[in-house]
Amino acid sequence: MMVISYEQHKRTARRETARRGLPPAILMLTTDTRLNNACLCYGHPCDVRSRGKRGGHALTSKGRDSTMSNRKPLVPLSAFIAPEGVKSVLTTPFGGLPWRSQIATYREYQQIFVQGTEVFAPNNYPATKGELRELSAKLIAGCSPSEITFSPNTTGALNTLIGCMVMDDLHPDENVVVPNSAYSTISLGVSRLERLGVEMRLCGEMKEEICAAIDEKTRLVAIDACDYVSGELREMEAIAEAAHAVRARIIVDVSQAAGVIPLNLAHFDALFGTTGKWLGLGSNGVALCWVNREKWPNITPEALGWYSVLPFDLPFTGRYELRSDGQRLETGGLPWSLLYNLRDALRNLIGLYERLGEGDLRRGQTQVMQHVRSLGDEIISALDGLNLGLTIISPREAEKRGGYISVKMSDEQAAAVCSRLNARGVYLSSGQGRLRLGPWIFNGSEDVKLAVLLLGETLREMGFNPNDPAWVGRQ
């Protein structure tokens, strides 16, 4: 049997990278001593049972990864712009790292921008927006590019959809249903409908409580995909079925799900969410809205702008025609530099899905979900192993949670813990009475376990006491 040297491995990797037209950081080389062979993988070693399958990994009969205790990153951290001296970044649920390839993308944007702003006019879009619509549609099963709308932020996307509900002729004797634990943007956005005399029904967070609040007078159910404090997933499809049974619409904030949990637009009237977390933009400033035009065929915006309508000559006669696709919900100029970076991020992310799934994008999405959930399992086990009495408020069952693990902790102390960990090269997020650890595609078993180990050391140094309200807040 021929043994291939490491230098031969590297030369092979470079040739394959060039042949496939991929960024140099995308393909990683793994030397598998069990195979004495060179395996070209997308960021993690091939398991012996998946020999010959590029980027594959073996699953047990229960769908769990057989290498769960020694997971490698799906993409190397070097493919992202990370703080100097970083050891572990677990802040994706707050905001993910930008891809390093976005540096070249910004230069591309600048070269186009200096040609004059007219190249960004709605009737002469640069090619990037057409591609970006296609990429955005691929993220969600059952979606077409014409159903994509861009917004400067998630709140703006929600308010646009609420405005469309206003145009749906709501009546004072009707109601809208919102869980009282939903992210504040949802409750505040929906509350404007009360000005029309519509009842806003705040209900509990459980599926049974939400469904019980729905009746024949319900016109809208607005929820988030998961509880944003604990990360517990809502039973979205069951809630959607209850809403549609009385011909109500359902819109869902998927900011903490898109990019982690595979989603299907067919079950909902609209999905919306930020791109700065699990979709890899690495910044606030762009939100996506996926509108199911089969369920909402005549969706009409409350606010109009020059992007919303087909061009017309001046002077204005009062006559105009709405665009037929998702652009009808866009009013004006968009953050173009960020749209270019989002295009780059989605190229990388969808490329990862397709390579992991060997051409099957949905299968690749499922493998990313399994990677994130398995690392979450490891984080929970490591936190328990600290023997500090930490209260984990996220579900321990992987299938019941999104992408992160939340530990109960007062905001003041959690912020202080994060600050100390930053000095050690570990990055977590905090707020809303918890410390949050959210692994993504650039994380693996080694760095998440190191992060928890350093967290334990930091808590001991700071005198953590699970019974002290100063640490865990008051009941």
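Nothing here was measured: the structure is a model prediction, and the numbers come from that model.

> I'd like a description of the overall build of the protein chain, backed by residues and values.
If you tally the helices and strands in the protein chain, you get twelve helices and 14 strands. The long-range fraction of contacts in the protein chain, counting pairs at least 24 apart against all pairs at least 6 apart in sequence, stands at 68%. Total accessible area on the protein chain stands at roughly 20,700 Å², and carbon and sulfur atoms take up 50% of it.

> Give me the environment of proline 145: which residues, what numbers.
Locating proline 145 in the fold gives a position in the loop between helix 3 (127–138) and strand 4 (148–151). Assessed through its relative accessible area of 35%, proline 145 is described here as partly exposed. Spatially, the C-alpha atoms of proline 145 and glutamate 134 are 5.0 Å apart, while their sequence positions differ by eleven residues. Not counting residues within four places of it along the chain, the set of residues in contact with proline 145 comprises Arg133, Glu134 and Ala137.

> Provide a residue-level description of the sheet that holds strand 13 (residues 429–431), including the pertinent values.
Backbone hydrogen bonds hold the strands of a sheet together, and the pairing may be parallel or antiparallel. Taking strand neighbours across the sheet as the criterion, the three strands line up as 11-14-13 in an open arrangement whose pairing is antiparallel. With one partner strand each, in any of the chains shown, strand 11 (405–408) and strand 13 form the two edges of the open sheet. Direction aside, neighbouring strands of the sheet carry axes that sit 25° apart on average. Sheet topology note: the strand 13/strand 14 (residues 434–437) ladder contains three bridges and is antiparallel. Residue pairing for strand 14: serine 430 is matched across the bridge by leucine 435. Running over the sheet, helix 9 (residues 361–385) touches strand 11 and strand 14 and is turned about 25° from strand 11.

> Any details on the packing of aromatic side chains? Residues and values, ideally.
In this structure the tally under the stated criterion is ten aromatic pairs. Where tryptophan 306 meets tyrosine 307, the ring centres are 5.1 Å apart and the plane angle is 65°; that geometry is what we call edge-to-face. Among the residues examined, tryptophan 306 registers a relative accessible area of 52% and is labelled exposed. Arranged with centres 5.1 Å apart and planes meeting at 40°, the rings of phenylalanine 312 and phenylalanine 316 form a pair that is tilted. Residue phenylalanine 312 is classed as partly exposed on the basis of its relative accessible area, which comes to 39%. One aromatic cluster is present, built from ring pairs that chain together Phe80, Trp99, Trp440 and Phe442.

> Could you give an account of the sheet that holds strand 5 (residues 175–179), with specific residues and numbers?
Strands sit in the order 4-10-9-8-7-5-6 across an open sheet of seven strands; the sheet is mixed. Either end of the sheet is taken by a strand with one partner, and the two such strands are strand 4 and strand 6 (199–203). Direction aside, the axes of adjacent strands within the sheet are offset by 20° on average. The sheet contacts of helix 5 (residues 184–191) involve strand 5, strand 6, strand 7 (218–224) and strand 8 (249–253), and relative to strand 5 the element is tilted by about 165°.

> Quick rundown of the pairing of strand 9 (residues 270–274)? Include the residues and the values.
Counting buried residues along strand 9, five of its five residues qualify, which places the element largely inside the surrounding structure. Residues Ala270, Phe272 and Thr274 point to one face of strand 9 and Leu271 and Gly273 to the other, with burial holding for every one of them. As paired elements, strand 8 and strand 9 share three bridges and run parallel to each other. Residue pairing in the sheet places isoleucine 251 in a bridge with alanine 270 of strand 9. Sheet topology places strand 9 next to strand 10 (residues 287–291); five bridges connect them, and they run antiparallel. In the strand pairing of strand 10, leucine 271 is matched with tryptophan 290.

> Please set out the nonpolar core residue by residue, giving values where relevant.
Counting 73 residues, the largest nonpolar core has Leu139, Trp290 and Ile441 as its most contacted members. Leu375, Ile405, Met409 and Leu437 belong to the second-largest nonpolar core, a separate cluster that totals 30 residues.

> Give me the lowdown on the environment of leucine 161, citing residues and values where you can.
Along the polypeptide, leucine 161 turns up in helix 4 (residues 154–166). Given a relative accessible area of 0%, leucine 161 falls into the buried group. As a C-alpha pair, leucine 161 and valine 190 span 29 residues in sequence and 9.6 Å in three-dimensional space. Apart from residues no more than four positions distant in its own chain, leucine 161 is found in contact with Ile251, Ala270, Phe272, Cys289, Val291, Trp296 and Ile299.

> Break down the pairing of strand 10 for me, with residues and values.
Most of strand 10 is tucked away: five of the five residues are buried. The side-chain alternation of strand 10 yields two buried faces, one formed by Ala287, Cys289 and Val291 and the other by Leu288 and Trp290. Pairing geometry for strand 4 and strand 10, over four bridges, is antiparallel. Each residue of the ladder has a partner; that of serine 151, found in strand 10, is alanine 287.

> I'd like a rundown of a nonpolar patch on the surface, residues and numbers included.
Taken together, the side chains of Leu304, Phe312, Leu314, Phe316 and Tyr320 define a hydrophobic patch exposed on the protein surface, amounting to about 550 Å² of accessible area. In this fold, leucine 304 is placed in the loop between strand 10 and helix 8 (336–356). The partly exposed category is assigned to leucine 304, whose relative accessible area is 39%.

> Break down the state of the cysteines for me, with residues and values.
Applying the stated rule across the entire model yields zero disulfides. Just so you know, cysteine 203 is unpaired, no disulfide at all, and the nearest cysteine sulfur is the one on cysteine 211, 9.0 Å from it. Classification of cysteine 203 by relative accessible area gives buried; the value is 7%.

> Requested: an account of helix 2 (residues 102–113), with residues and values cited.
Helix length check: helix 2 (twelve residues) gives 16 Å between terminal C-alpha atoms against 16 Å at 1.5 Å per residue, within 8%. Listing the buried residues of helix 2 in full gives Gln102, Thr105, Tyr109 and Ile112. An end-on view of helix 2 places all buried positions within 70° of arc, on one side of the element. Projecting away from the buried face of helix 2 at angles above 90 degrees are the exposed residues Arg107 and Gln111. For helix 2, the secondary structure elements touched by its buried residues are helix 8.

Cut-offs applied
- Residues numbered from 1 in each chain as written.
- Predicted model: local features only at pLDDT ≥ 70, side-chain atom pairs only at ≥ 80, totals over all residues.
- Heavy atoms only, no water.
- Helix = DSSP H or I, 4+ residues; strand = E, 2+ residues; numbered from the N terminus.
- Contact = heavy atoms within 4.5 Å.
- Areas by Shrake-Rupley, 256 points an atom, 1.4 Å probe, with all protein chains shown as cover.
- Buried < 20%, exposed > 50% of the residue type's maximum accessible area, 1.4 Å probe, protein only.
- Pairing = 2+ DSSP bridges.
- Axes fitted to C-alpha atoms, helices over the stretch in contact; angles between N-to-C directions.
- Phe/Tyr/Trp six-rings, centres within 6.5 Å; stacked < 30°, edge-to-face > 60°.
- Core = buried A, V, L, I, M, F, W, Y, C linked by side-chain atoms within 4.5 Å.
- Patch = residues over 30% accessible without salt bridge, like charges linked within 9 Å, V, L, I, M, F, W, Y side chains within 5 Å.
- Salt bridge = Lys/Arg side-chain N within 4 Å of Asp/Glu carboxyl O.
- Disulfide = S-S within 2.5 Å.
- Expected span 1.5 Å × (residues − 1).
- Arc of directions from axis to C-beta.

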